[in-house]
Amino acid sequence: MRNIKIILVFVTITFYIACGGNNKKPASESSSADGTPTEKPADVNSYDPKRGEGKFNEQNVVLGATLNTAYAEVGEKAAGVKCTSCHKMTNERLVGPGWKGVTERRTPHWIMNFITNPDPMIDKDPELQAQLELCLVRMPNQSLADEEARNILEFMRKNDGVK
Amino acid sequence: MKAKILFKLLAVALVTVLMIPSCRPKNAATAVSGDAAAKSYVAPGQYDEYYNFVSGGFSGQMSVYGLPSGRLFRVIPVFSVDPEKGWGYSEETKPMLNTSHGFVPWDDLHHIELSQTTGEINGKWAFANANNTPRLARVDLKTFKTAEILELPNSGGNHSSPFGTENSEYIVAGTRFSVPPDDTNGDVPIDSYKKNFKGHISFVSVNQESGQMDIAFQLKTPGVNFDLARCGRAKSHGWFFFSCYNTEQANTLLEVNASQKDKDFIMAVNWKKAEEYLKAGKGKKQKVKYAHNVWDEHTHTGTSTMKGEVTVLDVSELKDICYMIPCPKSPHGCDVDPTGEYIVGSGKLAALLPVFSFDKLQAAIASKAYDGEYEGIPVLKYEEVLYGEVKKPGLGPLHTEFDGKGFAYTSFFVSSEIVKWNIKDLTVVDRVPTFYSVGHLCIPGGNTRKPSPKYLVAYNKITKDRYLPTGPELTQSAQLFDISGDKMQMILDFPTIGEPHYAQAAPADLIRNNGQLKIYKIDENKHPRVAKGESESKVVREGNKVHVYMTAVRSHFAPDNIEGIRMGDEVYFHVTNLEQDWDVPHGFGIKGANNAELLIMPGETTTLKWVPDRVGMFPMYCTDFCSALHQEMQGYVRVSPAGSKTPLTFHVGKQPAADKEVQ
């Protein structure tokens, strides 16, 4: 009986050792993949649906009381290249939803986060997931510079009637 | 009793280890040796340690594999058309394959050279040679795209190429076939070889910023066959070594007639001296014709320029540029060790490997230890230059790579093996078989000052029974060896595209962190017919040429309905991919196109020429699965008879209230 116990312990240890070698990282450890954001499990708990996810927040996105027409003008041009193939200025859906009223539905920093960092937000934001079921096309990352995103936000405000 | 228990325990332990099937991946390689599979296994989602840039031989392309997994990542179209990527089919890429003979859609790519700084790989460019219609190509490693192709005049098969100096000051291109120079009458009897045929070696300078190539000068040499070459490095920087065969100057049945002499040559070239002569105006300007094709990343367009002149230095007149080192029996490989001191010649038909010494070469030149001349070039005394010989190494030596630890690895085609030997004492320390008939070898950095001696890849000519059969034509292959220990250990077999000749490898981080491009910025797109946004999409008629400025975004084209095209029109689809995200190309195909598809990278504009052959309705669609609504990414082009009054119209998204009456 005692022998059996010893054998069992031994077998377990042996098994552990034998398999331990398999836990070693493969040879390519030094250049292992970063892992794409889409593969990370969505951490719903830390996600703030009012703010979205990204570098923008209430502090660093400040709107003027009136429209910055210079921003809006440049933003309209940028949107023409990178956005309006899929978004109409009305509330009609094309590939993605129409832009009418978006600045009333969303906080400015949420918009800035979403248009510069769409992939992680689509994975976590319940409303965006619902939208994806409707549109079936994930909003692409159009590599907007911060300034470009800010200008587009101003153009969205203009579209929503801000003077 | 105790001993018995211990024995039992050991037995159980052994059985347990053997019975755990999930612990180690098992495949055919297990038969080679126990841990081979684990050594080449790269788990899903993990990256390889090295990029391996492998010549595609008669496919004309360059392939990119990962080491140690042997996974194929990309085939870069270089000298051959590639309908999959539109290479040679889109209007923008056609000029890249232009030559003085016109558009050449195929070639035979044999060797790769990664650009270097101070004798180490710098991760900027990969050069490649065209063996048939003599050319050099430069692939940009930020885009993995062919950025430049330069034709070589006075050349008949660019085999001894694209080997480079240790700062990539020059990439060389030595002709395999000697031919009458381009500015002479080539309409001469073939058996006037000795009189009329000459060899030429181009020294092509490389701009260290842009990479742009230019033929700095050519060396005019006796009519022989140049085979392979290596630069001097470190102490021998400033020199270049070329293996020569057919010093018999045969022009028929070379198999026999070019194998007459006991010794051919390795030609040592003092290129610093050549530079001095060039500066002193000793070069002769020669009228020739060759194409220089350059890709522009901003207009997304290649431009082909025909050039008309080259400067030639005649090495039989300018005595101290070239020296002939006798080398047994038709030398093929000519390889220089990381210190720059040892030059290994591999006589294809020799039963020994001579190792020459750079120091002795310098002394022999200084003391004029000559054994006559070969067509005006001093021939050095063999023993005066020889460091020593590796005796009876194997049969049919071809190529040698180095590990930087004092060992050389030589491939033997006939005896189908790799032999590891000690450079200092010239003794063989290990040998392994290859399956079968190995040609080139590659150790990452194996031709540099600092090799990375973990892996060795053998590129084999024959596979026979190694893989599942596929009819008469079988794949060729590479075999990976772990060389980190004293003994070489085979750890992987993998099939390759085309015929793999020479290859080079670089650490993965060096290449992937070189500032690789993920997208083309749409703001920087300077294509003359770009449409930056759907508002700029349009269709313009210019006589019988119709230009479609089209945009592509997930998941529609604009315009996607075009009417008013007439028989006799040439239609140019200039498609701009408006995406600005990594890995979102769109494709474009239209029914009946006599060329290929377009594959358009984010931010790029590419043009497909289409000449409708009949009246009717022509569907077009996106060929690269881009989104869940990819199958919706389509449109129509209506073609009417010549002279039809159907107006030229185009739109996207305009759905009429009711179907129009059929006209």
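Residues numbered from 1 in each chain as written. Chains lettered and ligands numbered in written order. Predicted model: local features only at pLDDT ≥ 70, side-chain atom pairs only at ≥ 80, totals over all residues.

**Notes on the sheet that holds strand β38 (residues 561–566) of chain B**
Residues and elements named next belong to chain B. Here we have 6 strands laid out as an open sheet, ordered β41-β40-β43-β44-β38-β45, and mixed in their pairing. Each edge of the open sheet carries a strand with a single partner, namely β41 (598–600) and β45 (649–651). The mean inter-strand angle of the sheet, taken between neighbouring strand axes irrespective of direction, is 20 degrees. For strand β40 (residues 586–590) and β41, the ladder comprises 3 bridges, and the chain directions are antiparallel. Bridge pairing links His 586 to Ile 600 in β41. (Pairing = 2+ DSSP bridges. Helix = DSSP H or I, 4+ residues; strand = E, 2+ residues; numbered from the N terminus. Axes fitted to C-alpha atoms, helices over the stretch in contact; angles between N-to-C directions.)

**Things to note about the nonpolar core**
Residues and elements named next belong to chain B. By size, the foremost hydrophobic cluster in this structure holds 132 residues, and its most contacted members are Phe 242 and Val 457. When near neighbours in sequence (up to four residues on either side) are disregarded, Val 457 contacts Asn 52, Leu 67, Leu 441, Cys 442, Ala 478, Leu 480 and Ala 503. Grouped together as the second largest cluster of nonpolar side chains are 56 residues, Leu 578, Met 601, Phe 618 and Phe 650 included. (Core = buried A, V, L, I, M, F, W, Y, C linked by C-beta atoms within 7 Å. Buried ≥ 20, exposed ≤ 12 C-beta atoms within 10 Å, placed from the backbone. Contact = placed C-beta atoms within 7 Å.)

**Let's talk about helix α6 (residues 126–135) of chain A**
Counting buried residues in α6(A) gives 0 out of 10 residues, a small share hidden from the surface. With its phi angle positive at about 65 degrees, Leu136(A) sits one or two positions after the end of α6(A).

**Brief notes about the pairing of strand β1 (residues 50–55) of chain B**
Residue and element names in this part refer to chain B. Most of β1 sits inside the fold, with 6 of its 6 residues counted as buried. Here β1 shows two buried faces, one formed by Tyr 50, Asn 52 and Val 54 and the other by Tyr 51, Phe 53 and Ser 55. In this sheet, strand β34 (residues 503–507) lies alongside β1 in antiparallel orientation, the contact comprising 5 bridges. Residue pairing for β34: Phe 53 is matched across the bridge by Gln 504. Sheet analysis places β1 next to strand β2 (residues 62–67), joined by 6 bridges and oriented antiparallel. By the bridge assignment for β2, Tyr 50 is matched with Leu 67. Between β1 and β2, which pair antiparallel in sequence order, lie 6 residues; one of them, Gly 57, sits at a positive phi of approximately 55 degrees.

**Observations regarding the confidence of the model for chain B**
The predicted coordinates ought not to be read in detail in places where the model reports low pLDDT. Residue and element names in this part refer to chain B. With 94% of its residues at a pLDDT of 70 or more, chain B shows a mean pLDDT of 93. Here residues 9–31 is modelled with pLDDT under 50, and outside its nearest four sequence neighbours on either side it reaches 33 contacts, counting other chains as well. Scored below 50 in pLDDT, residues 659–663 shows 0 contacts in the model against residues more than four places distant or in partner chains. Here the prediction assigns the complex a pTM of 0.89, and the interface score ipTM is 0.76. (pLDDT = per-residue confidence, 0-100.)

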